[in-house]
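# Residue-level structural notes
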Amino acid sequence: MPYYRQTIEILKNFSLIVITSCLLISCDWFKSPTPQSTLPEFESSPTVKSIAGRVADEASGMVDSRNIPGHIWTHEDGLNPNEIILISHQGQLVKKFQLPIFNRDWEDLGIGPGPQNGVNYLYIADIGDN
């Protein structure tokens, strides 16, 4: 590879590192909290419950529901049915919802805002192979 092509490749990689670093810094991940801000508090002793038999043999992602208190959303790992599962905090199946998308290798599940203001959305990460 000629010298100028190596230089271009090095500069491309360097610019990608600089851009990534700037994005991380802009996210406030590296700043200390201000005295006015509060950090989230987490349960110090988690509750452990068994899920009723054969509801989710290979649960991969899991989030606490924001709209249905006392319930958890989950799904199964890749090549399992293309559905999200609603389970009570006691581990009982409430309902399975089939989705019109293929479960190639769903690995995680998130919850958060979306296009409609004030509505919570579930996000499935089909990122595959662990």
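Note that the structure is a prediction, hence the values are computed from the model and not measured.

With that settled, consider the environment of D77. Looking at the element boundaries, D77 is found in the loop between strand 2 (71–76) and strand 3 (83–88). Sequence spacing of D77 and A59 is 18 residues, and the spatial spacing of their C-alpha atoms is 6.2 Å. In this structure, D77 is in contact with E58, S60, N103, D105, W106 and E107, ignoring residues within four places of it in sequence.

Scanning the entire structure with this criterion turns up two salt bridges. In this structure, D57 engages R54 in a salt bridge whose closest nitrogen and oxygen atoms are separated by 2.9 Å. Residue classification places D57 among the partly exposed residues on the basis of a relative accessible area of 49%. Looking at R54, the relative accessible area reads 68%, which means it is exposed. Put simply, K96 and E83 hold a salt bridge, and the shortest N to O gap is 3.7 Å. In this pair, K96 is assigned in strand 4 (residues 93–98) and E83 in strand 3, connecting sequence segments 13 residues apart. Its relative accessible area of 14% is what places E83 among the buried residues.

It is worth spelling out the packing of aromatic side chains at this point. A full pass over the atoms with the stated rule returns two aromatic pairs. On the numbers, 5.6 Å between centres and 50° between planes, the contact of W73 with F97 is tilted. Taken together, the residues span a long stretch of sequence, with W73 in strand 2 and F97 in strand 4 at a distance of 24 residues. When its relative accessible area of 12% is taken as the criterion, W73 is described as buried.

Calculation rules
- Residues numbered from 1 in each chain as written.
- Predicted model: local features only at pLDDT ≥ 70, side-chain atom pairs only at ≥ 80, totals over all residues.
- Heavy atoms only, no water.
- Helix = DSSP H or I, 4+ residues; strand = E, 2+ residues; numbered from the N terminus.
- Contact = heavy atoms within 4.5 Å.
- Salt bridge = Lys/Arg side-chain N within 4 Å of Asp/Glu carboxyl O.
- Buried < 20%, exposed > 50% of the residue type's maximum accessible area, 1.4 Å probe, protein only.
- Phe/Tyr/Trp six-rings, centres within 6.5 Å; stacked < 30°, edge-to-face > 60°.

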